[in-house]
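Spelled out, the chains give:
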Amino acid sequence: MSTSTFPILPILLVDDESHILELFEMALRSDGIDNVLLCRNVEHALKLFSEWEIGVVLLDLLMPPPGGENLLERISLEHPEVPVVVITALNDVRTAVRCVRAGAFDYLVKPIEEERLCAVVRRAIEMRQLRNEVAQLSRRVLNDTIENPRAFEKIITVNRKMHSLFKYVEAIAPSPQPVFISGETGVGKELFARALHDCSARSGEFISVNVAGLDDSLFADTLFGHKKGAFTSAFEDAKGLVERAAGGTLFLDEIGDLSPQSQVKLLRLIQEREYYLLGSTHVRHTDARIVVATHADIHRKKESGELRHDLYYRLITHSIHVPPLRERRDDLALLLEHFLAKTALALNKKKPTPPAELLDLLRVYDFPGNVRELESMVFDAVSRHTTKMLSMHVFKERIGLALPMGRDVASPFLCEFESASDFPTLKEASDFLVREAMRLGNNNQSIAAQLLGITRSALNQRLNRQRTELDAFEDV
């Protein structure tokens, strides 16, 4: 069981009355804020700043000299990134204005309700985290290197967009805020979630669960666990995944179809860091980082009312969109080699040599199943191959019917024409299709012929005729 504390950076309570410090500490701890330092004078507070990286300060204004206002000014000058919540018995507007001008994050007047105190402290924690994240993102923009390459070693890529995402993941990794990962099926969303966890250096586990199709009861039981007797088959207490992810990361895959009831429970978990075991009235707190993913368009679901607006805005605090394979075709060669070696090892075979034209074939395919589909193709091909050279047959068999058709390629010729003079001749359209097929096939005649739906010899005849006509034109 993790013994991690929340927040990561400690909350410093500064008050000259020890019983006030104890009351505030008790209130914060009951709300799950248990990383707290206590201090009774200004000198000790300054000493703690030299020994710790402080997250938030709760500062009593009326203390013996040099006084709380003097400490507020010192903190604002030397540690402007630290939010300071001023606490005082003086309900005076001028004092409040003076403190805010001096850099105070908020101003509370005694006596303070516990709920109000905890809400202000949580807002201050979020502000400190956001300031840290902005500073880290700024450093990443100026620094083009990846600091944790091992965290991304399972994501095979040389693509610039992907490397930009790596830097963004490193920048937001220390944040406890939720992360939303979007992308089509098979792009590797869970790999990014794992990389985020590895970069965060969290002490707890990475716990992953696919919540697609879970009804509200099963969702709650899976995440939160239950007490003995909570329902008919609950013969003993059971831990939920939230408890297992304490101090670590909880990854909820395919959250796009959560029921309204489950959405409310997820929102409370993210917003309040609280949950209940089924059959229990005792509130529990969690410090697990929540990461969610879906291939669905959650913006559309939000607009249609299928997804709660408040949950939507909580989920997208940090957002990662993993591009589809068709937008990173420069990775195809690297991925092909990786999957050939991986599959050969798994099947205890010698790694086959791919034919030169295989990459040309793969580059004209859109891969609706993305990286996962490519891996499946390679596994099937290596499973069947018996010679040194890998056969093209499996790949043609798997993607032949899904290759881009001439209608899409020749769209400039198939639009509505304003007049007869704009309409292309059959020969012009034919020549255009041949040129585009050769371009898409990287000048490979076998691939181009397959795109056009003709034999290679028929394509060769058309190409020879085009060259003859071009030579004749140049001689004129």
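Before reading further, recall that the structure is shown in the block above.
Residues numbered from 1 in each chain as written. Predicted model: local features only at pLDDT ≥ 70, side-chain atom pairs only at ≥ 80, totals over all residues. Heavy atoms only, no water.

### A short note on the nonpolar core
With 34 residues, the main nonpolar core has L358, L362, F367, L374, V378 and F395 as its most contacted residues. In terms of residue count, the dominant contributor to this core is helix α15 (residues 370-384) (6 residues). For V378, the residues in contact, after removing those within four places along its chain, are L336, F339, L340, T343 and F395. Among the nonpolar cores identified, the runner-up in size contains 30 residues, and L250, L269, A288 and L315 belong to it. (Core = buried A, V, L, I, M, F, W, Y, C linked by side-chain atoms within 4.5 Å. Buried < 20%, exposed > 50% of the residue type's maximum accessible area, 1.4 Å probe, protein only. Helix = DSSP H or I, 4+ residues; strand = E, 2+ residues; numbered from the N terminus. Contact = heavy atoms within 4.5 Å.)

### Section: the environment of E375
Considering the arrangement of structural elements, one finds E375 in helix α15. Take E375: its relative accessible area is 26%, and that puts it in the partly exposed class. Ignoring sequence-local partners within four residues, the contact set of E375 consists of F339 and K342.

### Some remarks on the pattern of salt bridges
When their charged atoms lie close together, side chains carrying opposite charge are able to pair. In this structure the tally under the stated criterion is 30 salt bridges. Its salt-bridge partner being R98, residue E69 comes within 2.9 Å of it at the nearest N-O pair. Placement of E69 in helix α3 (residues 68-78) and of R98 in helix α4 (residues 93-101) is noted, with a sequence separation of 29 residues between them. Beyond isolated ion pairs, a larger network of salt bridges with shared partners links D257, R300, K301 and E306. (Salt bridge = Lys/Arg side-chain N within 4 Å of Asp/Glu carboxyl O.)

### Notes on the pairing of strand β5 (residues 106-109)
As defined by bridge partners, strand β4 (residues 84-88) adjoins β5 across 4 bridges and the pair is classed as parallel. Bridged to T88 within β5 is V109. Once the chain exits β4 it traverses α4 before rejoining the sheet at β5, and the crossover so formed is right-handed. (Pairing = 2+ DSSP bridges. Right-handed = clockwise from strand over helix to strand, strands pointing away.)

### A look at the layout of surface pockets
Approximately 530 Å³ is the volume attributed to the largest pocket. Forming the boundary of the largest pocket are 25 residues, of which P7, I8, L9, P174 and P176 lie nearest the centre. Broken down by element, the lining of the largest pocket gets its largest block of residues, 6 residues, from helix α5 (residues 114-142). Partitioned by chemical class, the residues of the lining of the largest pocket number 10 nonpolar, 10 polar and 5 charged. Taken together, 22 residues line the second largest pocket, and the ones lying closest to its centre are G186, V187, G188, L191 and V371. Of all elements in the fold, only α7 (189-200), α13 (332-346) and α15 reach the threshold of two or more residues within the lining of the second largest pocket. A breakdown of the residues in the lining of the second largest pocket according to their chemical character gives 9 nonpolar, 4 polar and 9 charged. (1 Å grid on protein atoms, 1.4 Å probe; cavity = no way out; pocket = protein on both sides within 12 Å on 5 of 7 lines; lining within 4 Å. Points joined across faces, edges and corners; volume = space filled by probe spheres on them. Nonpolar A, V, L, I, M, F, W, Y, C, P; charged D, E, K, R; others polar.)

### Things to note about the sheet that holds strand β10 (residues 249-253)
Paired through backbone hydrogen bonds, the strands of a sheet run either parallel or antiparallel to each other. Taken together, 5 strands build an open sheet; the order of strands is β7-β10-β13-β6-β14 and the sheet is parallel. The two strands at the open ends of the sheet, each matched to only one other strand, are β7 (206-210) and β14 (318-321). The sheet shows a mean angle of 20° between the axes of neighbouring strands, direction not considered. With 5 bridges joining them, β7 and β10 adopt parallel strand pairing. The residue bridging V209 from the neighbouring strand is L252, located in β10. (Axes fitted to C-alpha atoms, helices over the stretch in contact; angles between N-to-C directions.)

### A look at empty space enclosed by the protein
The full count for this structure, using the stated rule, is 2 cavities of 30 Å³ or more. Every residue lining the second largest cavity is listed: L13, V14, D15, L21, F24, L58, L59, D60 and I87. Sort the elements by how many residues they give to the lining of the second largest cavity and strand β3 (residues 56-60) lands first, with 3 residues. For the lining of the second largest cavity, the per-class residue count stands at 7 nonpolar, no polar and 2 charged.

### Points about the side chain of Q177
In this fold, Q177 is placed in the loop between α6 (160-172) and β6 (179-182). For Q177, a relative accessible area of 12% puts it in the buried group. Here the side chain of Q177 touches Q129 through a polar contact of 3.1 Å, side chain to side chain. In this structure Q177 touches E126, Q129, E133, R289, I290, R314, T317 and H318, once residues within four positions along its chain are discounted. (Polar contact = N/O pair within 3.5 Å; in protein donor to acceptor, adjacent residues only side chain to side chain.)

### Some thoughts on the sheet that holds strand β2 (residues 36-39)
With respect to topology, 5 strands assemble into an open sheet ordered β2-β1-β3-β4-β5, the strand pairing being parallel. Looking at the sheet topology across the chains shown, the edges are occupied by β2 and β5. Here the strands of the sheet are splayed against their neighbours by 20° on average, with no regard to which way each runs. Bridge analysis of β3 against β4 gives 4 bridges, and the strand direction is parallel. Paired with D60 across the bridge in β4 is I87. Across the face of the sheet, helix α2 (residues 42-51) comes into contact with β1 (11-14), β2 and β3 while running at roughly 145° to β2. Along the sheet, α3 contacts β1, β3 and β4; its crossing angle with β3, the most-contacted strand, is approximately 160°.

### Details of helix α19 (residues 445-452)
What α19 keeps buried is the set I447, A448, A449 and L451. Two residues or fewer past α19, G453 is found with a positive phi of approximately 75°.

### Things to note about the packing of aromatic side chains
Tallied over the full model, the rule gives 6 aromatic pairs. Ring centres of F206 and F251 lie 6.1 Å apart, and the angle between their planes is 25°; on these two criteria the pair is classed as stacked. Of this pair, F206 sits in strand β7 while F251 sits in strand β10, and the two are 45 residues apart along the sequence. The exposure class of F206 is buried, given its relative accessible area of 14%. For F251, a relative accessible area of 0% corresponds to the buried category. (Phe/Tyr/Trp six-rings, centres within 6.5 Å; stacked < 30°, edge-to-face > 60°.)

### What about the pairing of β10?
With 5 of 5 residues buried, β10 lies mostly within the body of the structure. Taking every second residue as pointing to the same face, both faces of β10 are buried, with T249, F251 and D253 on one and L250 and L252 on the other. Note: β10 against strand β13 (residues 289-294), 5 bridges, orientation parallel. Following the sheet pairing, T249 is matched in β13 by R289.

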